[in-house]
Amino acid sequence: MQRPLELYRRHLTSCIHKSKGVNFTRCNCPIWVDGELSGKRFRKSIKTKDWGIALRRVEQLERSPETATIAPTISAALKLYIADLSARGTAQTTTSKYARTINAYIAQLPKNSQLTDISIEGLTRWRAGRKVAPSTARTEIENIRFFLNWCKKRKWIDENPASELEKPTEEGISTLPFEAQEVSALLSAIDKIDNNNKLEVDFAKRRARALVLVLLYSGLRISDVVVLSRKRLDRKTQYLFLRMEKTGVQVRVKLPEVVIAALDRLPVIHPEYYFWDGESDPKTRKGALRRALRMLGTLAGIDNVHPHRFRDTFACRLLETGAELRTVQKLLGHSSIKTTEKHYALFVASHQRLLDSATAALDFVEEPLTYPLLVDTNRNRTRNSKSNAS
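All of the points below concern the structure found in this document. The residue numbers shown here count from 1 along each chain, following its written sequence. Two thresholds apply to this predicted model, a pLDDT of at least 70 for residue-level local features and 80 or more for giving and counting side-chain atom pairs, whereas whole-chain, interface and lining totals are computed over all residues. With hydrogens and water set aside, each side-chain value is computed from the structure's full complement of heavy atoms.

So, the nonpolar core
Note that soluble globular proteins tend to have their nonpolar side chains buried in a common cluster. Stated precisely, the cut-off is as follows: To form a nonpolar core, buried Ala, Val, Leu, Ile, Met, Phe, Trp, Tyr and Cys residues must be joined to one another through side-chain atoms within 4.5 Å. Three labels apply to residues, based on accessible area from a 1.4 Å probe with only protein chains included: buried if under 20% of the type maximum, exposed if over 50%, partly exposed otherwise in between. The numbering of helices and of strands both runs from the N terminus, where a helix is a DSSP run of H or I of at least 4 residues and a strand a run of E of at least 2. The contact criterion used is simple: two residues touch if any of their non-hydrogen atoms lie within 4.5 Å.
Core analysis: the largest hydrophobic core is formed by 52 residues, its most contacted members being Leu-186, Leu-211, Leu-240, Leu-263, Phe-275 and Phe-310. Looking at which element gives the most residues to this core, the answer is helix 7 (residues 198–218), with 9 residues. Each residue touching Phe-275, except ones within four places of it in the same chain, is listed here: Arg-207, Ala-210, Leu-211, Val-225, Val-226, Leu-263, Leu-266, Ile-269, Arg-285 and Leu-289.

Concerning the pairing of strand 6 (residues 250–254)
This is how the line gets drawn: Strand pairing is defined by DSSP finding a minimum of two bridges between the two strands.
Judged by which residues are buried, strand 6 turns out to be one-sided: Val-251 and Val-253 face inward and are buried, whereas Gln-250, Arg-252 and Lys-254, on the alternate face, are not. Bridge count between strand 5 (residues 239–244) and strand 6: 5 bridges; the pairing is antiparallel. When the bridges of strand 6 are listed, Met-244 appears paired with Gln-250. Where strand 5 folds back onto strand 6 in an antiparallel hairpin, the turn is made up of 5 residues, including Gly-248, whose phi is positive at roughly 90 degrees.

Description of the side chain of Arg-285
Mapping Arg-285 onto the fold places it in helix 10 (residues 282–300). Residue classification places Arg-285 among the buried residues on the basis of a relative accessible area of 17%. Residues contacting Arg-285, with those up to four places away along its chain left out, are Arg-207, Val-226, Phe-275, Trp-276, Asp-277 and Ser-280.

Comments concerning the packing of aromatic side chains
Working definition: an aromatic ring pair is given by the centre-to-centre distance plus the angle between the planes. Spelled out, the test is: Working definition: a ring pair exists when centres of Phe, Tyr or Trp rings (six-membered ring for Trp) sit within 6.5 Å. Plane angles under 30 degrees give stacked, over 60 give edge-to-face, the rest tilted.
Across all of its chains, the model carries 8 aromatic pairs by this definition. Pairing Tyr-98 with Phe-146 gives two aromatic rings, centres 6.3 Å apart and planes at 65 degrees, and the pair type is edge-to-face. Residue Tyr-98 is located in helix 3 (residues 92–106), and its partner Phe-146 is located in helix 5 (residues 134–153); the two are separated by 48 residues in the primary sequence. Under the relative-accessibility criterion, Tyr-98 is labelled buried at 12%. Using a relative accessible area of 43% as the deciding quantity, one classes Phe-146 as partly exposed. Considering the side-chain rings of Trp-150 and Trp-156, the 5.6 Å spacing of their centres and the 75 degrees angle between planes classify their relative orientation as edge-to-face. In this structure an aromatic cluster arises from ring pairing among Tyr-81, Tyr-98, Phe-146, Phe-147, Trp-150 and Trp-156.

Functional significance is not addressed by these values, which are geometric in nature.
Pasting the structure below:
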């Protein structure tokens, strides 16, 4: 008869409970498993100090005795996942979002936690403790689901525990484009930038103007603008390369001369990039540009100035001037038209015209029908009796 797998503490030399033997489990020493698996001796570390986690790992081993291996740690799986995304050509900004979400989840787990330790209960507690907006929470849940589905395909886990994790309800859409007068106010406020160092003032003004115009005319996210390469702008055609579609088709936008002139006037801090020095962390540079936009908003007397509002303004102005939703979807890089519709359908200028045109074409009958006037005989009888009485 096969000896079952049993857990025990392998006491460290420094453990004060070492003399009590392996049956003492209330210390914090590493947990090992010993027994037989597939008819062979199986004795190794379970790679955790948490007894509950160790029990789940033993159950996983007993369910899959043919492998007799323990699933990778979440951290190790994440590294492989990010490497796979990069190999498939996924944008760096996207891979960073996945890594940020999953690392935030890992941070509240015991060290070296494994994929099999992830449960719906743990994910629910983690989500409840996250102090983020509903839209951000929804994105984080999607990121976790994609990651765990990827792990499931590699048979590291049997099921995806995040598939049952419900997304929070969004409280309305956060789309908030700038009005035309607000854009004018922001551009005018650039001349108000000032401090004691005149060289810094000149640099700040040039950077602010180029930044605002690029955001308004390209629809790029701030994270993409930070690392905007000079090679992406074709000076002859004035086309700015935005992204490559999965079909291999390039998505480009033609920049007006005023935007190109603003980029040309930028002091060169790196020969390959417009806004990045090529050495500092792009996240640090992104924070600096965000602060510059907030300061500009203060000078212009406009509240809540953040980079995504420029992207909203780009999309809404296109729609208001007659552009199709699918055109805007391509320019923004949304993977689904539903995302574009959710945020920007209200700004489609031709929306009601299309509805009116569609319903005007209905022709159920060829000629207008005329009906005889229906007379309420009861009401007339009542009126006649009143007149006779008078």
